[in-house]
Amino acid sequence: MALATARHILVDTEEKALALKKQIEKGADFADVARENSQCPSSRSGGDLGQFGPGMMVPEFDKVCFSAEVGSLEGPIKTQFGYHLVEVTDRTE
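Bear in mind the structure is a predicted one, so any value in this text is a computation, not a measurement.

Enquirer: It is not clear to me how helix α2 (residues 30-37) should be interpreted in this structure. Could you clarify?
Expert: Note on helix geometry: an α-helix contains 3.6 residues per turn, so any two residues three or four positions apart are oriented the same way. Those residues of α2 lying buried are Phe-30, Ala-31, Val-33, Ala-34 and Asn-37. Looking straight down α2, one finds that the buried residues subtend no more than 165° of arc, so they occupy a single side. Looking at the packing, one finds that the buried side of α2 touches β1 (3-11), α1 (14-25), β3 (73-79) and β4 (82-92). In this structure Asp-29 caps α2, since a side-chain oxygen of it lies 3.2 Å from the backbone nitrogen of Ala-31.

Written as structure tokens, this is what we have:
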């Protein structure tokens, strides 16, 4: 079974997600940005969601985690929870 490891940042608006994405692309540390801005409890661990399999996350999130290039910064991804920035840190097939 495929497994992914990812971290994310969850915010209320697409605009906020885009602004944070720019900060990270310009060199800001993903974990620091997550700790300061994410509304998910995972913010305490820099947005780390640990390892999970297909179907364990909402479909929009799942799709990115099992298709994006490992290490790439993806998003904003809209889900029922808000807007996510996602970095897949590892994946096994």
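Enquirer: Would you mind going over the pairing of β4 with me for this structure?
Expert: Within a regular strand, side chains alternate between the sheet's two faces. In terms of residue burial, β4 counts as a mostly covered element, since eight of its 11 residues are buried. Here β3 runs beside β4; their pairing, made up of five bridges, is antiparallel. The partner of Ile-77 across the bridge, within β4, is His-84. Taking the residues that link successive antiparallel strands as the turn, the β3-β4 hairpin has two residues.

Enquirer: Help me understand the environment of Phe-81, please; the structure alone is not making it clear to me.
Expert: Secondary-structure assignment places Phe-81 in the loop between β3 and β4. Separated by 42 residues in sequence, Phe-81 and Gln-39 have C-alpha atoms that sit 9.6 Å apart. If sequence neighbours within four positions are ignored, Phe-81 has contacts with Leu-10 and Val-58.

Enquirer: Help me out: how do you make sense of the packing of α1 against α2 in this one?
Expert: To describe two helices that pack against each other, one gives the angle between their axes and the distance between the axes. Interaxial distance between α1 and α2 falls to 10 Å at its minimum, and their mutual angle equals 150°. Classified by the interaxial angle, the pair formed by α1 and α2 is roughly antiparallel. Crossing of α1 against α2: the hand is right-handed. Every residue of α2 that contacts α1 at Lys-16, Leu-20, Gln-23 and Ile-24 is listed here: Phe-30, Val-33 and Asn-37. Classifying every residue of the contact of α1 with α2 gives four nonpolar, two polar and one charged.

Here is what the cut-offs are and how they apply
- Residues numbered from 1 in each chain as written.
- Predicted model: local features only at pLDDT ≥ 70, side-chain atom pairs only at ≥ 80, totals over all residues.
- Heavy atoms only, no water.
- Buried < 20%, exposed > 50% of the residue type's maximum accessible area, 1.4 Å probe, protein only.
- Helix = DSSP H or I, 4+ residues; strand = E, 2+ residues; numbered from the N terminus.
- Arc of directions from axis to C-beta.
- Contact = heavy atoms within 4.5 Å.
- Polar contact = N/O pair within 3.5 Å; in protein donor to acceptor, adjacent residues only side chain to side chain.
- Pairing = 2+ DSSP bridges.
- Axes fitted to C-alpha atoms, helices over the stretch in contact; angles between N-to-C directions.
- Parallel < 35°, antiparallel > 145°, perpendicular 65-115°, else oblique.
- Left-handed = near helix turned anticlockwise from the far one by under 90°.
- Nonpolar A, V, L, I, M, F, W, Y, C, P; charged D, E, K, R; others polar.

Remember, this is a structural readout, not a statement about activity or role.
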